[in-house]
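Breakdown of the fold
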Amino acid sequence: MQPRITISMACYGRPERTKRSIQCILDQDTNNWEAFIMGDCCPDFQKLIDSGYLQSIKEEQEKKGNIIHFFNAEKNGGGCGYKLINHAIQNATGKYFIFYANDDVILSNHFSNYLEIENTDLDYMFFNSWIDPIDKTRVPKLVICEIGHSEIILTTELAKQLPEHSPIYGHDWEFINAMSKQGKGEKSKNNILSYRVMHVPMFGTKDKIN
């Protein structure tokens, strides 16, 4: 059965936050998902592999119909892991694709929330997120510096057609802009804040967070 959704998480450093973020994926209230959990030549991530932790959760999730891919690549993303994200996009088998940072948090209803798109004929949707350090909701817009990948779900088919992800810092406006031009989409009207950004984004300033 084709996974309903693929999630990509590139990891560099922050081992305890990485384990917390992985646990958030495992705690989702829906199954039939695929996850790419990838280290960017990160010694801390290698420890998660060597300890058997990632293999054990991979086997456990397979019993529930979920798929986990993990590896620690050679250094290639300058800490952003953009080539790892491209790898996930090109190899994803889920119908829809979402992005996740290894120092952020998703609530247990995150997949279910973003899968609102299943009930539409849209190619992409975007959602509000919570910016934890400043206790504010971010209301994204399809404008440079006012939307990040974590707020977007798009069809994997469309993601594979877009220019390769190549951000300066995690959030590639050219990719998002191409998505908005090639696909049909809209902002979700619900106010569920299932994605929690645990640091103030470098791509925008506080005055851009509404």
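Preceding block: the structure.
Now for a look at the structure at hand. All figures in this text were calculated on a predicted structure; none of them were measured in a lab.

The secondary structure content of the chain amounts to seven helices and 11 strands. The 210 residues of the chain split such that 50% are buried. Counted over contacts in the chain with a minimum sequence separation of 6, partners at least 24 positions apart contribute 79%. Here the chain has roughly 9,600 Å² of accessible surface; of this, 50% comes from carbon and sulfur atoms.

The next thing to look at is the side chain of aspartate 172. Assignment of secondary structure puts aspartate 172 in the loop between α6 (156–161) and α7 (173–182). For the buried aspartate 172, no salt bridge exists, and the shortest N-O distance to an oppositely charged side chain is 12 Å, to lysine 181. Within the local environment of aspartate 172, its side chain forms a polar contact with the backbone nitrogen of glutamate 174, the two atoms lying 3.1 Å apart.

With that out of the way, let us pick up the pairing of strand β1 (residues 5–11). A large share of β1 lies buried, amounting to seven of its seven residues. The side-chain alternation of β1 yields two buried faces, one formed by Ile5, Ile7, Met9 and Cys11 and the other by Thr6, Ser8 and Ala10. Relative to strand β2 (residues 33–40), β1 runs parallel, the two being bridged by seven bridges. Residue pairing in the sheet places isoleucine 7 in a bridge with alanine 35 of β2.

Turning to the sheet that holds strand β8 (residues 136–138), a few remarks are in order. Taken together, four strands build an open sheet; the order of strands is β5-β11-β7-β8 and the sheet is mixed. The strands lining the two open edges of the sheet, one partner per strand, are β5 (105–106) and β8. Relative to β8, strand β7 (residues 129–131) is paired through three bridges, and the arrangement is antiparallel. From the neighbouring strand, isoleucine 131 faces β8, where its bridge partner is lysine 136.

One open sheet holds the seven strands; their spatial order is β3-β2-β1-β4-β9-β6-β10, and the pairing between them is mixed. The open sheet has two edge strands with one neighbour each: β3 (67–73) and β10 (185–187). When strand polarity is set aside, the average angle formed by the axes of neighbouring strands in this sheet is 15°. Examined bridge by bridge, β1 and strand β4 (residues 96–101) share six bridges and lie parallel to one another. In the sheet register, methionine 9 faces β4, and the bridge partner there is tyrosine 100. Running at roughly 130° to β3, helix α2 (residues 43–50) makes contact with β1, β2 and β3 of the sheet. Sheet strands in contact with α7 are β4, β6 (124–126) and β9 (152–155), and its direction is about 55° off that of β9.

Moving on, we get to helix α3 (residues 53–62). The set of residues buried in α3 consists of Tyr53, Leu54, Ile57, Lys58 and Gln61. The buried residues of α3 all sit within an arc of 130° when viewed along its axis, so they share a single face.

Mapped onto the fold, isoleucine 22 is located in helix α1 (residues 15–26). Each C-alpha atom of the pair isoleucine 22 and aspartate 104 lies 10.0 Å from the other, and the pair is 82 residues apart in sequence. With residues up to four places along the chain from it excluded, the contact list for isoleucine 22 reads Met9, Ile37, Leu48, Tyr53, Leu54 and Ile57.

Analysis parameters
- Residues numbered from 1 in each chain as written.
- Predicted model: local features only at pLDDT ≥ 70, side-chain atom pairs only at ≥ 80, totals over all residues.
- Heavy atoms only, no water.
- Helix = DSSP H or I, 4+ residues; strand = E, 2+ residues; numbered from the N terminus.
- Buried < 20%, exposed > 50% of the residue type's maximum accessible area, 1.4 Å probe, protein only.
- Contact = heavy atoms within 4.5 Å.
- Areas by Shrake-Rupley, 256 points an atom, 1.4 Å probe, with all protein chains shown as cover.
- Lys, Arg positive; Asp, Glu negative; His and termini not counted.
- Salt bridge = Lys/Arg side-chain N within 4 Å of Asp/Glu carboxyl O.
- Polar contact = N/O pair within 3.5 Å; in protein donor to acceptor, adjacent residues only side chain to side chain.
- Pairing = 2+ DSSP bridges.
- Axes fitted to C-alpha atoms, helices over the stretch in contact; angles between N-to-C directions.
- Arc of directions from axis to C-beta.

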